[in-house]
Amino acid sequence: MFILDLRTVLLLSSVMSVLMSIVLFSAYRSFPSTIKGLGWWAASCLLMLTTTVLFALRGIVPESLSIVACNLAMFVAVGFRLIGTQKFYGHEPALRRVSLIVVVGTTGAIWWTLQVPNFQMRLLLIAPLIALLYGEQLYVIAKTAERHFVSYFFGGITLIQIVLVLMRFATGFNDNVNFSGFHAVDQTLSVYLTIYSLMTITMAVGFIMVATRRLHVELARVSNVDPLTEALNRRAFSDMYDNEMRRIKRHERPMSLIIMDLDHFKRINDKHGHSVGDRVLIHFSSTVTRLLRETDHFARFGGEEFVALLPETTAVEAQAVARRICECLRQAGNAEIPAYTVSMGLAEVTSGEENLDSVASRADAALYKAKSEGRDRLELATPLKLVNSGSELACGYDPILALSKTGR
Ligand SMILES: Nc1nc2c(ncn2[C@@H]2O[C@H](COP(=O)(O)OP(=O)(O)OP(=O)(O)O)[C@@H](O)[C@H]2O)c(=O)[nH]1
């Protein structure tokens, strides 16, 4: 009959658990503090190691250690996995629920080990409690994790853990179920414990995979956004522009680019200080982001100059957006920041051949005009074909709309 040498399996699983917890602790120390939960996961790996070692010592050390302490370590380890997962995905950690389950489970383990020894009852109590903890972990992953391979992997392992624990629970209804030591391990239990050991390691791999993926996403985000305003930076915006250009070539729908420059920003800095100036920039960025569509792109080009790209939007439609932004800003002044205004230059992009520099310089010229015409207004850039035609119109502007201070 095929019986695995369980002590060897448990020894290997212990070594792997140590290695995994070292990897997770090192990630915990070196990953950005915005990635939460890693310390809990690392601690859970060490506790799982304790569980495995105590289990392997059955028959050698007293049952209060090899059974009661072993179950306590397992409850705390699975609880830590749940808390780590909740913290990782930004949920409130269920500390009370986990503590309650640990207390109930451990009390049951003490009672049915030391007072009224009963393996079957112990199993029927402990297995569903562990399944509950894993169930909540699966719920958090399903509800919050991004749709990506690593999340499916992590969710999949958690689901397998639940199935394993429930299968173990089902064996509790078999009156012959027992564990009388490593000398008398039957095939089913041997396979179950081997899979369980493997799952312990696989779960740690899952932690590392989701944490690494989060680090990747975080780094990509940091390298794409301006740290003060969280708007895109110029490089990321340029990539977005190239993507939208490809779309224009396919669908031939125009898009609009608006360059925005805060008015007399130097005065705000001089009068209220740099930190208030920074707050104005943050306020401006969040206001515009709120007023744009999710498919629009918004970037800070430097200083107090910003740019918005509105795909599938004509100049006429973009003017309505610009008007909304100007109106919103005029009502912005409060105790935190002074009232401020913005000037804008708008260029419509109709050709899939026009590069960002060319559109931006047309919009910039319109912006310059808005500034010289009194600020707090929008000017429309000369269409590309007129710029290139060499006609009289090529050096002039055709301001379809200049927003007055009343927004009309
Ligand atoms: N607080 C703060 N100020 C900045 C930042 N970046 C640039 N500035 C300041 O923005 C000001 C821009 O001033 P100017 O280019 O003269 O423009 P302006 O005063 O807005 O005048 P107009 O654009 O003509 O209306 C400068 O004083 C810069 O120091 C920043 O990140 N934070």
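Residues numbered from 1 in each chain as written. Predicted model: local features only at pLDDT ≥ 70, side-chain atom pairs only at ≥ 80, totals over all residues. Heavy atoms only, no water.

**Regarding the environment of L367**
In step 1: Topologically, L367 is positioned in helix α12 (residues 356–372).
In step 2: For the pair L367 and R267, spaced 100 residues apart in sequence, the C-alpha separation works out to 19 Å.
In step 3: The contact partners of L367, leaving out residues within four places of it in the chain, are I259, D261, E305, S343, M344 and G345. (Helix = DSSP H or I, 4+ residues; strand = E, 2+ residues; numbered from the N terminus. Contact = heavy atoms within 4.5 Å.)

**What to know about α12**
In step 1: In a regular helix each residue adds 1.5 Å, so 17 residues correspond to 24 Å; α12 covers 24 Å between its end C-alpha atoms and thus fits that length.
In step 2: Of the positions making up α12, those classed as buried are L356, V359, A360, R362, A363, A366, L367, K369, A370 and K371.
In step 3: Positioned one or two residues after α12, G374 has a phi angle of 125°, which is positive. (Expected span 1.5 Å × (residues − 1). Buried < 20%, exposed > 50% of the residue type's maximum accessible area, 1.4 Å probe, protein only.)

**Some thoughts on the side chain of D263**
In step 1: With respect to the helices and strands, the residue D263 is situated in the loop between β1 (255–262) and α9 (265–272).
In step 2: At 3.4 Å, the side chain of D263 and the backbone nitrogen of V342 are in polar contact.
In step 3: Within the local environment of D263, its side chain forms a polar contact with the side chain of S343, the two groups lying 2.6 Å apart.
In step 4: Not counting the four nearest positions on each side in its chain, D263 is found in contact with T341, V342, S343, K371, R375 and D376. (Polar contact = N/O pair within 3.5 Å; in protein donor to acceptor, adjacent residues only side chain to side chain.)

**Focus on the environment of R214**
In step 1: As for its placement among the helices and strands, R214 is situated in helix α7 (residues 187–224).
In step 2: R214 sits 40 residues away from P254 along the chain, and the two C-alpha atoms are 36 Å apart.
In step 3: Discounting residues that sit within four places of it in the chain, R214 has contacts with I35, F88 and Y89.

**Looking at the side chain of R122**
In step 1: You can see R122 is positioned in helix α5 (residues 119–144).
In step 2: Buried and without a salt bridge, R122 has E63 as its closest oppositely charged side chain, separated by 5.8 Å.
In step 3: Discounting residues that sit within four places of it in the chain, R122 has contacts with R58, I67, N71, A109, W112 and T113. (Lys, Arg positive; Asp, Glu negative; His and termini not counted. Salt bridge = Lys/Arg side-chain N within 4 Å of Asp/Glu carboxyl O.)

**Let's talk about the site of the ligand**
In step 1: What surrounds the ligand is a group of 16 residues, the closest being H264, F265, K266, D278 and R300.
In step 2: Within the side chain of N269, an N or O atom sits 2.9 Å from a nitrogen atom of the ligand.
In step 3: Between the ligand and K371 there is a distance of 2.9 Å, counted from an oxygen atom to a side-chain nitrogen or oxygen.
In step 4: Across the complex, the protein chains shield 66% of the 670 Å² of accessible surface that the ligand would expose by itself.
In step 5: In terms of residues, the shell around the ligand owes the most to one element, helix α10 (residues 274–291), which gives four residues.
In step 6: Grouping the constituent residues of the shell around the ligand by class yields three nonpolar, five polar and eight charged. (Near = heavy atom within 4 Å. Areas by Shrake-Rupley, 256 points an atom, 1.4 Å probe, with all protein chains shown as cover. Nonpolar A, V, L, I, M, F, W, Y, C, P; charged D, E, K, R; others polar.)

**Some thoughts on the sheet that holds strand β2 (residues 297–302)**
In step 1: Read from one edge of the open sheet, five strands run β2-β3-β1-β4-β5, paired in mixed fashion. Two strands close off the open sheet at either side, each with one partner strand: β2 and β5 (378–380). Adjacent strand axes in the sheet meet at a mean angle of 20°, parallel and antiparallel pairs treated alike.
In step 2: Note: strand β4 (residues 342–349) against β5, three bridges, orientation parallel. Bridge assignment links L346 to a residue of β5, and that residue is L380. (Pairing = 2+ DSSP bridges. Axes fitted to C-alpha atoms, helices over the stretch in contact; angles between N-to-C directions.)

**A few points about the domain arrangement of the chain**
In step 1: Along its sequence, the chain is carved into domain 1 (6–224) and domain 2 (234–395).
In step 2: Relative placement of domain 1 and domain 2: their C-alpha centres are 52 Å apart. (Domains from an automatic or database assignment.)

**Quick word on the UniProt feature "transmembrane region" (unreviewed entry) in the chain**
In step 1: According to UniProt, the feature "transmembrane region" (unreviewed entry) maps to residues 6–26, 38–58, 64–83, 95–114, 120–142, 149–169 and 189–211 in the numbering used here.
In step 2: Helix makes up 100% of residues 149–169 and strand 0%, whereas the separation of the span's terminal C-alpha atoms amounts to 30 Å.
In step 3: Helix makes up 100% of residues 189–211 and strand makes up 0%, while its end C-alpha atoms are separated by 33 Å. (UniProt positions renumbered as here; feature names shortened; annotations may be inferred.)

**Brief notes about the packing of α10 against helix α11 (residues 315–330)**
In step 1: Two numbers describe how α10 lies on α11: the axes approach to 10 Å, and their chain directions differ by 140°. Classified by the interaxial angle, the pair formed by α10 and α11 is oblique. Helix-helix and strand crossings are classified by hand; for α10 and α11 the assignment is right-handed. From α10, H283, F284, T287, V288, R290 and L291 reach across to α11, where they touch R324, I325, C328 and L329. (Parallel < 35°, antiparallel > 145°, perpendicular 65-115°, else oblique. Left-handed = near helix turned anticlockwise from the far one by under 90°.)

**As for the pairing of β2**
In step 1: Across the six residues that make up β2, a large majority, five, are buried.
In step 2: The pairing of β2 with strand β3 (residues 305–310) spans five bridges and is antiparallel. By the bridge assignment, H297 is partnered in β3 with L309.
In step 3: Connecting β2 to the antiparallel partner β3 that follows it, the hairpin turn spans two residues, and G303 within it adopts a positive phi of roughly 50°.

**Brief notes about unusual backbone geometry**
In step 1: Of note in the backbone geometry, E230 takes a positive phi value of approximately 65° without being a glycine.
In step 2: Take E230: it is sitting in the loop between α7 and α8 (234–251).
In step 3: According to the relative accessible area criterion, E230 is exposed, its value standing at 53%.
In step 4: Backbone geometry at E312 places phi at a positive 50°, although glycine is not the residue there.
In step 5: Examined against the element boundaries, E312 turns out to sit in the loop between β3 and α11.
In step 6: On the basis of relative accessibility, which here comes to 38%, the residue E312 falls in the partly exposed class.

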